[in-house]
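Structure at a glance
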Amino acid sequence: MGRALRILLGLALMVYVTPVYFQVPVRVAVGSLLLMLGLIGVYSLIHIVVSRRIVSFGPCLWAVVALGLLVALYVAGVSGSPILGRGKGELAAVTFLGVSLVVAGVCAAPGCELMAIPGALFGKHTELACLIFSPLDRLERKLRSKRRRLREIF
């Protein structure tokens, strides 16, 4: 159920944001796509730091850092700054989140969806908590294990 929700939410965000790329000036669309590439780079660095335990924060704190970065980019997109502003940051953040949700759902990536793209690139998923889907994933695992136990009994 969690995978399906991730894919549906990701697709909904993609359907919502795709027409915007055709309505904004080309430099805003290109700037947004370049910011998305930058996000992939930054999240890849976070992936390396977490997977090699270079800095030992808890998975929940890393999830807050990962989500905070995306929220900061979205908020900075409202400003008039030449790099992040004029809507580029907002567009990049929403697009990145949509793509990440779809990748996380398709690849069955556990934990933080924002780390799904680096996980797919490196072939190893990081177990960061997701502030939204982790409780749902935990509930699903419990239900699955109960079903298995019931099958074994009967």
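Residues numbered from 1 in each chain as written. Predicted model: local features only at pLDDT ≥ 70, side-chain atom pairs only at ≥ 80, totals over all residues. Heavy atoms only, no water.

**With respect to a nonpolar patch on the surface**
Filter applied, for reference: Candidate patch residues must exceed 30% relative accessible area and have no salt bridge, after which like charges are joined if within 9 Å and Val, Leu, Ile, Met, Phe, Trp or Tyr side chains if within 5 Å. Note on areas: these come from Shrake-Rupley sampling with a 1.4 Å probe, and a residue is covered only by the protein chains present in the view. By convention in these notes, a salt bridge is any Lys or Arg side-chain nitrogen within 4 Å of a carboxyl oxygen on Asp or Glu. Helix and strand assignments follow DSSP, with helices taken as H or I runs no shorter than four residues and strands as E runs no shorter than two, numbered in order from the N terminus.
A cluster of nonpolar side chains, contributed by Ile54, Val55, Phe57, Leu61, Val64, Val65, Leu67, Val71, Tyr74, Val75, Leu131 and Ile132, occupies part of the molecular surface with about 1,100 Å² of accessible area. As for its position among the elements, leucine 67 is in helix 3 (residues 59–76).

**Observations concerning the confidence of the model for the chain**
Quick note on the threshold: For every residue, the predictor states its confidence as a pLDDT score lying anywhere from 0 to 100.
Averaged over all residues, the pLDDT of the chain is 85; the fraction at 70 or higher stands at 98%. Element-level pLDDT for the chain is lowest in helix 6 (residues 134–153), with a mean of 75, against a maximum mean of 92 in helix 4 (residues 88–107).

**Description of a positive patch on the surface**
Heads up, the rule is: Counting rule for charge: Lys and Arg are taken as positive, Asp and Glu as negative, and neither His nor the chain ends is counted. By convention, charge coordinates are those of NZ in Lys, CZ in Arg, CG in Asp, or CD in Glu.
Taken together, Arg138, Arg141, Lys142, Lys146 and Arg149 make up a surface patch of like positive charges. The residue arginine 149 is located in helix 6 in this model.

**With respect to the packing of aromatic side chains**
Test applied: Two rings from Phe, Tyr or Trp (for Trp, the six-membered ring) form a pair when their centres are within 6.5 Å of each other. A pair whose planes differ by under 30 degrees is stacked, one over 60 is edge-to-face, and the rest are tilted.
Applying the stated criterion to the full structure yields one aromatic pair. Judged by centre distance (5.2 Å) and plane angle (10 degrees), the rings of tyrosine 43 and phenylalanine 96 are stacked. With a gap of 53 residues between them, tyrosine 43 in helix 2 (residues 26–51) and phenylalanine 96 in helix 4 connect regions that are remote in the sequence.

**Remarks on helix 4**
What counts, and what does not: By definition here, a helix of n residues has an expected span of 1.5 Å times n minus one.
Counted at 1.5 Å a residue, the expected span for helix 4 with its 20 residues is 28 Å, and the 28 Å between its end C-alpha atoms agrees. Once helix 4 finishes, alanine 108 follows within two positions and takes phi at roughly 55 degrees, a positive value.

**Concerning the pattern of salt bridges**
Heads up, the condition is: When a residue's accessible area, from a 1.4 Å probe over protein chains only, is under 20% of the maximum for its type it is buried; when over 50% it is exposed; and in between it is partly exposed.
A full pass over the atoms with the stated rule returns one salt bridge. Across the pair glutamate 113 and arginine 6 runs a salt bridge whose closest N-O atoms are separated by 2.5 Å. On the criterion of sequence distance, the pair formed by glutamate 113 in the loop between helix 4 and helix 5 (116–122) and arginine 6 in helix 1 (residues 2–23) is long-range, its members being 107 residues apart. Exposure class is identical for glutamate 113 and arginine 6. Each is buried.

**Here we look at the nonpolar core**
Just so we agree on the cut-off: Residues enter a nonpolar core if they are buried and are Ala, Val, Leu, Ile, Met, Phe, Trp, Tyr or Cys, with the set joined through side-chain atoms within 4.5 Å. Contacts are residue-level and defined by heavy atoms, with any inter-residue pair within 4.5 Å sufficient.
Within the largest apolar cluster, 29 residues are counted, with the highest numbers of intra-cluster contacts made by Tyr43, Leu70, Phe96 and Leu114. Mapped by element, the contributors of at least two residues to this core are helix 1, helix 2, helix 3 and helix 4. Here this core takes nine residues from helix 2, the largest share from any one element. If near-sequence neighbours (up to four positions away) are discounted, phenylalanine 96 is found in contact with Met36, Leu39, Ile40, Tyr43, Leu70, Leu114 and Ile117.

**What to know about helix 2**
In this model helix 2 runs 37 Å from its N-terminal to its C-terminal C-alpha over 26 residues, within 8% of the 38 Å that 1.5 Å per residue would give. With its phi angle positive at about 55 degrees, arginine 53 sits one or two positions after the end of helix 2.

**Here's the deal with the packing of helix 2 against helix 4**
Selection criterion: Angular values range over 0 to 180 degrees, each being the angle between N-to-C directions of two axes fitted as lines to C-alpha atoms, with helices fitted over their stretch in contact. For this classification, under 35 degrees means roughly parallel, over 145 means roughly antiparallel, 65 to 115 means roughly perpendicular, and everything else is oblique. Should the near helix be turned anticlockwise from the far one by less than a right angle, the crossing is left-handed, and should it be turned clockwise, the crossing is right-handed.
One way to put it is that helix 2 packs onto helix 4 with a least axis distance of 8 Å and a crossing angle of 55 degrees. Comparing the axis directions of helix 2 and helix 4 gives the class oblique. Regarding helix 2 and helix 4, the two cross each other, and that crossing is right-handed. When helix 2 is examined against helix 4, the residues Arg27, Val28, Gly31, Ser32, Leu35, Met36, Leu39, Ile40 and Tyr43 are found in contact with a partner set consisting of Lys88, Gly89, Leu91, Ala92, Thr95, Phe96 and Val99.

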